[in-house]
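# Working through the structure, step by step
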Amino acid sequence: KRYSPMAAHARNYHSWSWDVKDPDTIPAYDAMSCGSGTEGQYWLHWDREYAGWNAANLEVEVSVQFTSSSFSQSSFNDPYRAAYNYGFVFARHFGSL
């Protein structure tokens, strides 16, 4: 609410490799919510990170990012399925499906 007069949107550059070590692994956001972090970062709790933004009534837009240094092309068994699975569980946990 503090920033409402000057901002209505926020963007987070969300790194895929912070959620999983292998791009074919489906993130366990439910486990993260219970305090165990993510597979990629034991200390990470995205719900806590996004809570302040949501409390400020910001419309949060996420840009999922990855580079060849985090996930090489050969690290994907099936890039299309990996991207779909990641996006699906991400939207189910953080957004609305």
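Everything below is about the structure printed above this text.
First, a word on what this report is: a plain description of the structure on this page. Only a predicted model underlies this, so the values are computations on that prediction, with no experimental measurement involved.

Here we take up the environment of Ala31. Looking at the secondary structure, you find Ala31 in helix 1 (residues 29-36). Note on Ala31: relative accessible area 33%, which makes it partly exposed. For Ala31 and His45, which are 14 residues apart along the polypeptide, the C-alpha to C-alpha distance reads 9.8 Å. Dropping the residues within four chain positions of it, Ala31 is found in contact with Ser36 and Gly37.

For the rest of this paragraph, the subject is a nonpolar patch on the surface. On the surface, Trp18, Tyr42 and Trp43 cluster together to form a nonpolar patch covering roughly 390 Å² of accessible area. Mapped onto the elements of the fold, Trp43 is located in the loop between helix 1 and helix 2 (46-55). Overall, the relative accessible area of 40% leaves Trp43 in the partly exposed class.

Right, let's talk about the environment of Trp53 for a bit. If you trace the backbone, Trp53 turns up in helix 2. Under the relative-accessibility criterion, Trp53 is labelled partly exposed at 26%. Counting along the chain gives 42 residues from Trp53 to Arg11, while the straight-line C-alpha distance between them is 9.7 Å. Once residues within four sequence positions are removed from consideration, Trp53 is found in contact with Ala10, Arg11, Asn12, Leu58 and Val60.

Rules behind the numbers
Residues numbered from 1 in each chain as written. Predicted model: local features only at pLDDT ≥ 70, side-chain atom pairs only at ≥ 80, totals over all residues. Heavy atoms only, no water. Helix = DSSP H or I, 4+ residues; strand = E, 2+ residues; numbered from the N terminus. Buried < 20%, exposed > 50% of the residue type's maximum accessible area, 1.4 Å probe, protein only. Contact = heavy atoms within 4.5 Å. Patch = residues over 30% accessible without salt bridge, like charges linked within 9 Å, V, L, I, M, F, W, Y side chains within 5 Å. Areas by Shrake-Rupley, 256 points an atom, 1.4 Å probe, with all protein chains shown as cover. Salt bridge = Lys/Arg side-chain N within 4 Å of Asp/Glu carboxyl O.

Structural measurements only, silent on function.
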